[in-house]
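# Coordinate analysis (summary)
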Amino acid sequence: DYPHTLIFGSGPGSFSSRAFITFGMNWQISTNVTANIFSGVYHSPMAFRYIVPKFDIYLGSATMAQPTSSFTSYLGEIGLIATLIYFSIYISVYKRLLKIFKKSRISYINSLAIASAGGILFLAAMAIFDDWFAVSRVTLFLWTMIALTEIMYRLEILNFSEKQ
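Now for a look at the structure at hand. Just so it is clear, the model here is predicted, and its values are computed rather than measured.

### Considerations on the layout of surface pockets
- Each pocket or cavity is described by its volume, and for the second largest pocket that value is around 170 Å³.
- Broken down by element, the residue count for the lining of the second largest pocket peaks at six residues, all from helix α7 (residues 136–163).
- Its residues placed into classes, the lining of the second largest pocket shows four nonpolar, two polar and four charged.

### Remarks on the pattern of salt bridges
- Evaluated as defined, the whole model comprises two salt bridges.
- Between E150 and R96 there is a salt bridge, and its shortest N-O distance comes to 2.8 Å. On the criterion of sequence distance, the pair formed by E150 in helix α7 and R96 in helix α5 (residues 70–103) is long-range, its members being 54 residues apart.
- Overall, R96 belongs to the partly exposed group, its relative accessible area being 28%.
- Among the salt bridges present, the one from E150 reaches R154, with a minimum N-O distance of 2.7 Å. Linking E150 with R154, this pair stays in helix α7, spanning four residues, or about one helical turn.

### Some details on the packing of α5 against helix α6 (residues 107–126)
- Axis separation between α5 and α6 bottoms out at 9 Å; the angle between their running directions is 160 degrees. Here α5 lies roughly antiparallel to α6, going by the angle between them. Regarding α5 and α6, the two cross each other, and that crossing is left-handed. Counted together, F71, Y90, V93, Y94, L97, L98, I100 and F101 of α5 and I109, N110, A113, I114, S116, A117, I120, L121, L123 and A124 of α6 form the full contact between these two elements.
- The residue makeup of the contact of α5 with α6, split by class, is 16 nonpolar, two polar and no charged.

### Considerations on the packing of aromatic side chains
- For the coordinates displayed, the defined rule picks out eight aromatic pairs.
- Measuring from ring centre to ring centre gives 4.8 Å for Y90 and F133, while their planes differ by 65 degrees; the resulting arrangement is edge-to-face. With Y90 in helix α5 and F133 in the loop between α6 and α7, the pair connects residues that are 43 residues apart, well separated along the chain. Neither Y90 nor F133 differs from the other in exposure class; each is buried.
- Clustering of aromatic rings is evident, with ring pairs tying together Y74, Y86, F87, Y90, F133 and W143.

Reading the values: the criteria
- Residues numbered from 1 in each chain as written.
- Predicted model: local features only at pLDDT ≥ 70, side-chain atom pairs only at ≥ 80, totals over all residues.
- Heavy atoms only, no water.
- 1 Å grid on protein atoms, 1.4 Å probe; cavity = no way out; pocket = protein on both sides within 12 Å on 5 of 7 lines; lining within 4 Å.
- Points joined across faces, edges and corners; volume = space filled by probe spheres on them.
- Helix = DSSP H or I, 4+ residues; strand = E, 2+ residues; numbered from the N terminus.
- Nonpolar A, V, L, I, M, F, W, Y, C, P; charged D, E, K, R; others polar.
- Salt bridge = Lys/Arg side-chain N within 4 Å of Asp/Glu carboxyl O.
- Buried < 20%, exposed > 50% of the residue type's maximum accessible area, 1.4 Å probe, protein only.
- Axes fitted to C-alpha atoms, helices over the stretch in contact; angles between N-to-C directions.
- Parallel < 35°, antiparallel > 145°, perpendicular 65-115°, else oblique.
- Left-handed = near helix turned anticlockwise from the far one by under 90°.
- Contact = heavy atoms within 4.5 Å.
- Phe/Tyr/Trp six-rings, centres within 6.5 Å; stacked < 30°, edge-to-face > 60°.

What follows is the structure, encoded as structure tokens:
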């Protein structure tokens, strides 16, 4: 029905992301931080047709009741091209971490690199079931570990080159 959404998406927060669930669904229950604050609810035509009917608020578990995943959320909201770009960042960082793991001579840098690479794989596995790529309390620590790994590796290279 909407072929352009495959390429360009239906827009941020308009399909099945955490933003859509928080602001678009607007459950009038006490556990929703937006309950009774936002009166107008917007559903894109794609969300209204494919996502809204699948929600079952009586199940009691957000993970069981929501047909969301990072992969479907991003495909639906930002389209195929932007989704590929987004996940290619994670893939390139994963490859970089493996390269650091193989080249570093310091054991704690190797530990950081393999833990960070494992964190990316674990995040991707969790993202199948819910939109975990959008949860800052999960991704913040992962990206902090990745940054520390990169910084420590660059310092190792700098110290090694100064000694020669």
